[in-house]
Amino acid sequence: PEDLKAALMDHMVNCRVRSAIELAASHPSFLGRMMAYSLPNIDATRPDDLGRDQIEDAIADFTNNENRKLMTPINYISLCAQVAPMLGLLGTVIGMVGAFGSLAETGSADPSLLADKISVALLTTLWGLITAVPCLIAYFFFKNKLNNLVADCHHAAEDMINSSLQTVNADAY
């Protein structure tokens, strides 16, 4: 959220890390939780980098743990996209087995009997594809949206750390 990002940036520019942690911890968003998890790793005894490595490690740990949870429902969309054509193929095989079974029973190629079984085969293929294509589109849409939001949070965190470093080392800059 832009308001959280701006408020955190204000705290970090002014080196109010404790206030930034409290604000982040009170916000349920990904950015809030990520900053509440990572900002306690700031090391004020190291003014040259403020313990940037530990902060970045905490951000990476948080992201790995959260992405696993956030990707679970998105992965179910991918599962539907993968299973639907297989179910369509299964229906095709069942329909064709039925068509050949009726051929074997009657001994003749009665078009009305064959058409019914073949239509089952084609309809299951059709519905498998009709299900799979939108699921595949939805999977990549939501996956990319999540990845972009996480990347935005990482950039915001990096900007906040850089702004604190510039404030602490203003004379050097």
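Our next topic: the pattern of salt bridges. Scanning the model with the defined rule gives five salt bridges in all. For aspartate 49, the salt bridge is made with arginine 46, and the minimal N-O distance between the two is 2.7 Å. Across the salt bridge formed by glutamate 56 and arginine 52, the nearest N and O atoms sit 3.0 Å from each other. Of the two residues, glutamate 56 and arginine 52 both sit in helix α4 (residues 52-106), four residues apart, roughly one turn of that helix. Salt bridges sharing partners connect three or more residues here, namely Arg33, Glu66 and Lys69.

Further remarks concern the nonpolar core. Counting 27 residues, the largest nonpolar core has Leu8, Leu31, Met34, Met35, Leu39 and Met160 as the members making the most contacts within it. Among the secondary structure elements, those contributing two or more residues to this core are α1 (2-13), α2 (17-25), α3 (30-38), α4 and α5 (111-168). Of all the elements, α5 adds the most residues to this core, at nine residues. Non-local contacts of methionine 34, meaning those with residues more than four positions away in its chain, are made with Ile59, Phe62, Thr63, Cys153, His154 and Ala157.

The next point concerns the packing of α1 against α2. Packing of α1 against α2 leaves a shortest axis separation of 8 Å and a crossing angle of 160 degrees. As the angle between them shows, α1 and α2 are arranged roughly antiparallel. As for the relative orientation of α1 and α2, their crossing is left-handed in sense. The segment α1 lies against α2, with Leu4, Ala7, Leu8, His11 and Met12 engaging Val17, Ser19, Ala20, Leu23 and Ala24. Classifying every residue of the contact of α1 with α2 by side-chain character gives eight nonpolar, two polar and no charged.

Time to look at the packing of α1 against α5. Interhelical geometry of α1 versus α5 gives an angle of 25 degrees and a closest axis separation of 8 Å. Viewed along their axes, α1 and α5 adopt a mutual orientation that is roughly parallel. You can see that α1 and α5 cross each other, and the crossing is right-handed. In contact with Lys5, Leu8, Met9, Met12 and Val13 of α1, α5 contributes Ala156, Asp159, Met160, Ser163, Ser164 and Thr167.

About the cut-offs
Residues numbered from 1 in each chain as written. Predicted model: local features only at pLDDT ≥ 70, side-chain atom pairs only at ≥ 80, totals over all residues. Heavy atoms only, no water. Salt bridge = Lys/Arg side-chain N within 4 Å of Asp/Glu carboxyl O. Helix = DSSP H or I, 4+ residues; strand = E, 2+ residues; numbered from the N terminus. Core = buried A, V, L, I, M, F, W, Y, C linked by side-chain atoms within 4.5 Å. Buried < 20%, exposed > 50% of the residue type's maximum accessible area, 1.4 Å probe, protein only. Contact = heavy atoms within 4.5 Å. Axes fitted to C-alpha atoms, helices over the stretch in contact; angles between N-to-C directions. Parallel < 35°, antiparallel > 145°, perpendicular 65-115°, else oblique. Left-handed = near helix turned anticlockwise from the far one by under 90°. Nonpolar A, V, L, I, M, F, W, Y, C, P; charged D, E, K, R; others polar.

Structural measurements only, silent on function.
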